[in-house]
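Each chain, letter by letter, is given below.
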Amino acid sequence: MPEKPRKFDFIILGSGVAGLTFALSVAEKGRVAILTKKNRADSSTNWAQGGIASVTSREDSIELHVQDTLEAGAGLCNESAVRTILAEGPARIAELIALGTQFTEREIPNAPGSRELDLTKEGGHSKRRILHAKDATGAEIERALLAAVGANPNITVLENHFAIDLILSGKIDSSHPNRVVGVYVLNQPANRVDVFVAPVVVLATGGSGKVYLYTTNPDIATGDGVAMAYRAGVGIGNMEFVQFHPTCLYHPQAKTYLISEAVRGEGGWLLRRDGERFMGRYDRRLELAPRDIVARAIDSEMKRTGDPCVFLDISHRGAEFVRHHFPNLYARCLEFGIDMTREPIPVVPAAHYQCGGIITDLDGATELPGLFAIGEVACTGLHGANRLASNSLLEALVCAHRAANRVLLHPPAPVDIEIPTWKTGEATDADELVVVSHNWDEIRRLMWDYVGIVRTNKRLKRAEKRLGNLQEEIREFYWNFKVTADLLELRNLCTVAQLIVESALIRPESRGLHFNLDYPEPDPAWAQRNTELRKILR
Ligand code: FAD
Ligand code: SIN
């Protein structure tokens, strides 16, 4: 017997910085459900290291932060989005601190006993403006937000609830104006699909790093929000711009582990195996050039020398400095027998951040009434063709707050439609496990090999063809058999991979993170053109 639909005023999918911030901002005005597919702290937010970029020092200005963001974005940022988000940053940071987030402080020079925020630096920033909690900033932000959410009686957090698809009124009854009215959710503890109903549904499902074989992202990052929105006919923008982080630990026993850009911000050098500090041949900003440039330089050095990695060395800053600034990185590297106070760390680039996503305005509103998208899942225009380091936590905070203000000022009408229960196959299939794990590996490997840091039309076309076949196979399983979280993630992963490939094929130039050997230069005609993909619903 199916459960009755569960009704809320606000449904939020995802419990990272974006979802939690939105929840706290609307909870006074209604009943909020946060649905999250694993445990509540399973998010990219919880893994963020370097920090959050915002202007808090008198030596800095919003204008400088804007210029740095535009420069990193390689001509594709929406300047008004950049100005708005960065200008609202300091107020949101102040709220985060008031909520209990403890950023690292330092003693003010020449003023014994008085303290100020300690600001670090990362690639592409002309000033020290990154607030951080040592080298585990995201965990501190997530801790503070989860504590506030836990203390709020209007917010219900449902763990192990996997959102499958958005429910659209126009699909239930074509005489209704189309809008989102709820979500089908795999309730994993109960092993059934439930219906959740609300006039406002917020996608805060994060990014899609798992689409690549090597990634800094946690397992939850399978692009579910982008895939759900695409299936609902919502526009998806700029998916070709996948950011590869230049420095992830290279060690046979380590599941990819990020070595924060703050290590380079605090003076780290990139070296080849023979000891050459090579960044001087690529950019005047050396190791602190924007990420696309550093990642491509490393890729090119590795290809030229045949070495499997390059090295990041901060040992010249002294053991005490290194242990004080990077206690978690130091401990983690030591687990693998690498003492970063005395020797260089072997590093390679890995997929890190999705700059494109669901097209929204600055309040997170999508083209589908009632549906909002905030955080990494959204494409607001802030990042353009390459995100400036540490701008993503900031974007999530600011846009979550703006989205909350929007729905409080203009609440969508209540849902007034009978929602059908979930229907797909009920059978299980012994083949499913092997098909899921094979296809999962195949997608991630082919994306790494054919759609990575350096692309060509031929490789993109090959990936397109293969992904089409895989999607057919997955579709068959999806409609005939009982859904599982693994199958749902595979379906989403494949859709996101296809969106990345199709977007990359549309853009006949190289810009920012999208580098295609067949068109190695930027084309001024494409400087302000976003790619946009939309499924035509029948
Ligand atoms: P997330 O924090 O990823 O949260 C997504 C949530 O959605 C999770 O709770 C997930 O379980 C849930 N979810 C996903 N799919 C479903 C579904 N189908 N149903 C239900 N729930 C679902 N950015 C910075 O600005 N500074 C940094 O220093 C920094 N360091 C980083 C270091 C690492 C290792 C990584 C991986 C990222 C880093 N980033 C950094 C990027 C930044 O952490 C993310 O962009 C940001 O945290 C995204 O927040 P979010 O709320 O949008 O998504
Ligand atoms: C890092 O610490 O290098 C990650 C920063 C980011 O992705 O913004």
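Look a little higher up for the structure.
Procedures and definitions
Residues numbered from 1 in each chain as written. Chains lettered and ligands numbered in written order. Predicted model: local features only at pLDDT ≥ 70, side-chain atom pairs only at ≥ 80, totals over all residues. Heavy atoms only, no water. Pairing = 2+ DSSP bridges. Helix = DSSP H or I, 4+ residues; strand = E, 2+ residues; numbered from the N terminus. Near = heavy atom within 4 Å. Polar contact = N/O pair within 3.5 Å; in protein donor to acceptor, adjacent residues only side chain to side chain. Areas by Shrake-Rupley, 256 points an atom, 1.4 Å probe, with all protein chains shown as cover. Nonpolar A, V, L, I, M, F, W, Y, C, P; charged D, E, K, R; others polar. Core = buried A, V, L, I, M, F, W, Y, C linked by side-chain atoms within 4.5 Å. Buried < 20%, exposed > 50% of the residue type's maximum accessible area, 1.4 Å probe, protein only. Contact = heavy atoms within 4.5 Å. Axes fitted to C-alpha atoms, helices over the stretch in contact; angles between N-to-C directions. Parallel < 35°, antiparallel > 145°, perpendicular 65-115°, else oblique. Salt bridge = Lys/Arg side-chain N within 4 Å of Asp/Glu carboxyl O.

### With respect to the sheet that holds strand β4 (residues 52–53)
Backbone-to-backbone hydrogen bonds pair the strands of a sheet. The strands run either parallel or antiparallel. Strand order across the open sheet formed by three strands is β4-β8-β7, with antiparallel pairing between neighbours. The sheet is open, and its two borders are formed by β4 and β7 (119–120), each paired with just one other strand. Note that β4 and strand β8 (residues 130–131) share two bridges and pair antiparallel. From the neighbouring strand, A53 faces β8, where its bridge partner is I130.

### Concerning the site of ligand 2
The environment of ligand 2 is made up of Q49, G50, E122, H245, L258, S260, E261, R291, H352, R387, A389 and S390. At 2.6 Å from an oxygen atom of ligand 2 is found a main-chain nitrogen or oxygen belonging to E261. The fraction of the free accessible surface of ligand 2 (260 Å²) that becomes covered by protein chains is 94%. Of the residues contributing to the shell around ligand 2, the split by class is two nonpolar, six polar and four charged.

### Some points on the site of ligand 1
Inspection of the region around ligand 1 gives 38 residues, with T45, G51, D224, E376 and S392 positioned closest. For ligand 1, a nitrogen atom lies 2.8 Å from a polar atom in the side chain of D224. E376 is positioned with one of its side-chain polar atoms (N or O) 2.7 Å from an oxygen atom of ligand 1. Burial of ligand 1 by the surrounding chains reaches 98%, relative to a free accessible area of 1,000 Å². When residues in the shell around ligand 1 are grouped by element, the largest group, three residues, is from strand β10 (residues 161–168). A class-by-class count of the residues in the shell around ligand 1 yields 13 nonpolar, 20 polar and five charged.

### Quick word on the nonpolar core
Residues L166, L203, I443 and M447 are the most contacted members of the largest nonpolar core, which totals 64 residues. Once residues lying within four places of it in the same chain are set aside, the contact partners of L166 are V180, G182, V183, V201, L203, M228, A229, A232 and L371. With 49 residues, the next largest nonpolar core counts L70, V202, I374 and A400 among its residues.

### A look at the packing of helix α6 (residues 224–231) against helix α14 (residues 485–506)
At a closest axis distance of 8 Å, the pairing of α6 and α14 adopts a crossing angle of 75°. When the axes of α6 and α14 are compared, the pair comes out roughly perpendicular. Of the residues in α14, those in contact with D224, V226, A227, Y230 and R231 of α6 are E489, R491, N492, T495, V496 and L499. Residue classes in the contact of α6 with α14 are distributed as five nonpolar, two polar and four charged.

### A word on the pattern of salt bridges
Any two side chains of opposite charge can pair if their charged atoms end up close together. All told, the structure shown has 46 salt bridges when counted by the stated rule. One salt bridge in this structure joins R402 and E88, with 2.5 Å as the shortest N-O distance. Taken together, the positions of R402 in helix α11 (residues 392–409) and E88 in helix α3 (residues 79–98) put the pair 314 residues apart, joining distant regions of the chain. Under the relative-accessibility criterion, E88 is labelled partly exposed at 22%. E276 is the partner of R272 in a salt bridge, and the nearest nitrogen-oxygen pair spans 3.1 Å. Classification of R272 as buried rests on a relative accessible area of 12%. On the basis of relative accessible area, E276 is assigned to the partly exposed category, the value being 28%.

### What about the sheet that holds β10?
Spatially, β1-β12-β11-β10 is the arrangement adopted by the four strands of the open sheet, whose pairing is mixed. The open sheet terminates on both sides in strands that have one partner only, identified here as β1 (6–7) and β10. Relative to strand β12 (residues 192–197), strand β11 (residues 180–187) runs antiparallel, the two being bridged by six bridges. From the neighbouring strand, V183 faces β12, where its bridge partner is F196.

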